[in-house]
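Examination of the molecular architecture
Residue strings, one per chain:
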Amino acid sequence: MAGPGFRPAPDRRPFILRNPSVMYFLAALAVFTLGVTLLSEATGVGFLSTSFVKTLGKTLCLCLVAVAMDVVWGYCGILSLGHMAFFGIGGYAIGMWLMYARTEIIVAESLAASVIPPTPDEVRDAIGSQIFGVVGASEFPWVWGFASSLPLQLLMVVAVPGLLALVFGWLAFRTRVAGVYLSILTQAMTLALALYLFQNDSGLRGNNGLSGLQNIPGYGETSQDVISIAFFWASALALALGYVLFAWVVSGKMGSVVRGIRDNEARVRFLGYHVESYKLFIFTLTAVVAGIAGALYYPQAGIINPAELAPIASIYLAVWVAVGGRGRLYGAVIGAAFVSLLSSWFTGGGAPAINLGFYRIQWTDWWLILLGLSFVGVTLFAPKGIGGLFDLIAERRTPDRTGDYGPNDGAWRKEEGREE
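Residues numbered from 1 in each chain as written. Predicted model: local features only at pLDDT ≥ 70, side-chain atom pairs only at ≥ 80, totals over all residues. Heavy atoms only, no water.

For the protein, the count of helices and strands is 14 helices and four strands. Considering the protein as a whole, with its 420 residues, one finds that 45% of them fall into the buried category. By sequence separation, contacts in the protein at least 24 residues apart represent 76% of the contacts at least 6 residues apart. Of the accessible surface of the protein, which amounts to about 22100 Å², a share of 65% is contributed by carbon and sulfur atoms. (Helix = DSSP H or I, 4+ residues; strand = E, 2+ residues; numbered from the N terminus. Buried < 20%, exposed > 50% of the residue type's maximum accessible area, 1.4 Å probe, protein only. Contact = heavy atoms within 4.5 Å. Areas by Shrake-Rupley, 256 points an atom, 1.4 Å probe, with all protein chains shown as cover.)

Positionally, Ala 108 belongs in helix H4 (residues 83-111). Among the residues examined, Ala 108 registers a relative accessible area of 44% and is labelled partly exposed. A sequence separation of ten residues divides Ala 108 from Pro 118, and the C-alpha atoms of the two residues are 9.2 Å apart.

Judged by nonpolar contacts, the single largest core of 109 residues is most densely connected at Phe 87, Trp 144, Leu 210, Tyr 243, Phe 246 and Leu 329. Counting residues per element, this core draws most heavily on helix H3 (residues 50-75), which supplies 16 residues. Apart from residues lying up to four places away in sequence, Trp 144 is in contact with Met 96, Met 99, Tyr 100, Arg 124, Ile 131, Phe 132, Gly 203, Leu 204 and Leu 210. (Core = buried A, V, L, I, M, F, W, Y, C linked by side-chain atoms within 4.5 Å.)

We now examine the packing of aromatic side chains. By the definition in use, this model includes 13 aromatic pairs. Ring geometry for Phe 86 and Phe 283: centres 6.0 Å apart, planes at 85 degrees, overall edge-to-face. One end of the pair, Phe 86, is in helix H4; the other, Phe 283, is in helix H10 (residues 275-301), with 197 residues separating them in the sequence. The rings of Phe 86, Phe 168, Phe 173 and Phe 283 are connected pair by pair, giving a single aromatic cluster. When the ring centre of Phe 140 is taken as reference, the NZ or CZ atom of Arg 124 above it lies at 4.3 Å. Positioned over the ring face of Trp 170 is Arg 174, at 4.5 Å from the centre of the ring. (Phe/Tyr/Trp six-rings, centres within 6.5 Å; stacked < 30°, edge-to-face > 60°. Lys NZ or Arg CZ within 6 Å of the ring centre and 35° of its normal.)

Right, dumping it as structure tokens:
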């Protein structure tokens with residue numbers, strides 16, 4: 001038998017092998033990605049249309065931002081109602097380069113036949129007129145200062161959401177704002193940003209937003225079915241990497257501290273941990289990942305406008321996580337995929353209308369009500385969400401070890417958000 005000072009040898013296996021749930025998720029994602037690719041129009045099979053492949057690619061991006069939301073809410077206990085703002089900022093950042101580069105090609109082709117070659121300033125003025133003519137302007141605002149450079153705009157995809165989250169989180173956490181007050185602050189931040197972007201002088205074309213983002217500069221001869229598969233693979237890779245990253249973050253000592261902050265922040269602070277630093281790290285990291293997800297989402301959607309940053313979008317994000325199962329990374333993926341695909345089916349005309357004789361149910365009108373009722377039902381009757389079904393399966397497979405030689409039921413710790 002081991003003595004009092006015995007310590008088990010550390011498990012030196014790779015992180016993924018030490019966490020079977022991560023390995024199972026990556027395997028399922030790989031099979032799904034390969035299956036969609038083989039059935040797409042890009043391979044010639046054509047069972048899945050290009051538009052549906054784009055829908056699936058966008059769904060993977062929504063799953064990624066849902067995982068980020070689950071980490072900040074389900075694990076750290078911060079109900080952020082502003083993470084879709086970071087998602088939209090990432091979309092705007094990449095959309096600025098897409099519009100600039102595409103317009104530059106169009107302007108260069110139109111000026112190629114000029115007797116006198118245009119100067120760089122004339123080309124830039126022509127690009128500005130093309131982009132901002134819809135809002136009655138022609139000069140480039142300062143926010144477009146790096147729009148001509150893809151590397152710099154990719155840097156903005158992560159830098160702007162990260163910096164905004166860092167500043168906002170530092171101001172909020174240092175004053176120990178928590179609970180519903182913090183949720184209201186994040187929602188106010190999102191509303192203020194959306195209202196600012198709605199103005200024509202915001203520099204981002206106001207209510208018109210950025211359009212034509214599905215046309216990738218330099219790939220004008222490439223068909224949309226090939227582009228859709230490329231973005232689908234990029235979205236799947238981003239989801240896989242993001243899932244592994246967050247699974248690593250919420251495991252080990254850091255994960256224990258983060259869950260402790262969620263369950264009893266005062267006790268964690270009493271133990272000597274700098275709670276504000278942990279919360280700020282989680283808030284900023286999830287904002288950066290949300291920005292990356294948005295940068296992959298909107299080239300597949302083709303357009304972004306300020307309505308995408310409205311507070312209701314962040315509320316939807318919280319609903320997805322709650323329906324899938326808060327405190328479970330795979331639950332966030334399930335919830336986002338389930339609700340977003342179901343929303344596309346109901347609002348896209350896939351669900352047949354029901355004629356009751358005295359009233360005809362059109363699901364495009366009733367979908368939001370159905371979603372709200374589902375959220376209330378899950379909150380009241382299934383707080384573990386869809387992901388809780390895996391707990392029931394695991395409990396059925398676990399042998400009964402209670403009795404004279406085993407711990408009783410009260411000895412098992414059944415805390416919400418347990419990660420298998």
